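# Observations on the three-dimensional arrangement
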Amino acid sequence: MAQRLPQIQLDVFKPLRELVTDNIRQAIINGDFPPGMRLMELQLAADLGVSRTPIREAIRKLELEGLIVMIPRRGAYVANFSIKDINEVYEIRTALDVLSAGLAAERIKEEELEEMERRLISMRPAIDAMDIPKIAEEDSAFHDVIYKASRNER
């Protein structure tokens, strides 16, 4: 393992499989798990303080997202990405973001607007410090508010 993952916070109101998936996804995005790195279920489970079942579920989901590749009889590995792969993902994400933002504009609640403003304000010091992982974290949280406000479960 390149870096240990933080233990899962069980006080969050999300299913455990989603928390595990989010943690592993973030480690891949941050570069903590570099392309080509083998992901060992037992080690991930120990690092996160969970059983192997949510690890397996997370690996399956991240494989569907294209972040992990499964090699028969060898295991799970962090996928290598080309510029073309990244551009294709951003094309799709852009379309979904536009749709989510349009739906959110129609359905957003006042407290979600306030949360978006808090996220933008908390991002400023990270931008000033060029703290890329913190910027990505805050940006992701900001977009999560938009997705939630769209009231579309898919």
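The coordinates are above.
Numbers given for residues are sequential positions, taken from 1 along each chain in its written order. Reporting in this predicted model follows two pLDDT cut-offs: at least 70 for local features of residues, and 80 or more for side-chain atom pairs to be given and counted; totals over whole chains, interfaces and linings ignore these cut-offs and use all residues. No hydrogens and no water enter the side-chain calculation; it runs on all heavy atoms of the structure.

## Notes on a negative patch on the surface
The condition that has to hold: Two joining distances apply to patches: 9 Å for like charges and 5 Å for nonpolar side chains (Val, Leu, Ile, Met, Phe, Trp, Tyr), and every residue must have over 30% relative accessible area and no salt bridge. With residues, only the protein chains shown are counted as cover, and all accessible areas are computed by Shrake-Rupley using a 1.4 Å probe. Each salt bridge in this description consists of a side-chain nitrogen of Lys or Arg and a carboxyl oxygen of Asp or Glu lying within 4 Å of one another. Lys and Arg are tallied as positive, Asp and Glu as negative. Neither His nor the chain termini are counted. Positions of charges follow a simple convention, taking NZ of Lys, CZ of Arg, CG of Asp or CD of Glu. Runs of H or I in DSSP of at least four residues are treated as helices and runs of E of at least two as strands, each being numbered from the N terminus.
On the surface, E110, E111, E114 and E117 cluster together into a patch of negative charge. Note that E117 resides in helix α5 (residues 110-128).

## Description of helix α1 (residues 16-30)
Residues lying three or four places apart along an α-helix face the same way, a consequence of the helix completing one turn every 3.6 residues. As a reminder of what qualifies: Expected helix span is given by 1.5 Å per residue-to-residue step, counting one fewer step than there are residues. Three labels apply to residues, based on accessible area from a 1.4 Å probe with only protein chains included: buried if under 20% of the type maximum, exposed if over 50%, partly exposed otherwise in between. The contact criterion used throughout is that any non-hydrogen atoms of two residues lie within 4.5 Å.
Helix length check: α1 (15 residues) gives 21 Å between terminal C-alpha atoms against 21 Å at 1.5 Å per residue, within 8%. All buried positions along α1 are accounted for by L19, V20, T21, N23, I24, R25, A27 and I28. Where α1 is buried, its residues contact α2 (41-48), α3 (52-64), β2 (68-71) and β3 (75-78). Of the residues trailing α1, G31 is marked for its positive phi of about 85°.

## Concerning the environment of A45
On the secondary structure map, A45 appears in helix α2. Take A45: its relative accessible area is 6%, and that puts it in the buried class. Separated by 25 residues in the primary sequence, A45 and V20 place their C-alpha atoms 9.1 Å from one another. Non-local contacts of A45, meaning those with residues more than four positions away in its chain, are made with V50, S51, R52 and I55.

## Thoughts on unusual backbone geometry
Glycine aside, a negative phi is what most residues show, and trans is what most peptide bonds show. Unlike most non-glycine residues, M130 shows phi in positive territory, near 55°. Mapped onto the fold, M130 is located in the loop between α5 and α6 (132-149). Note on M130: relative accessible area 57%, which makes it exposed. One non-glycine residue with positive phi stands out, namely R151, at about 60°. For R151, a relative accessible area of 32% gives the class partly exposed.

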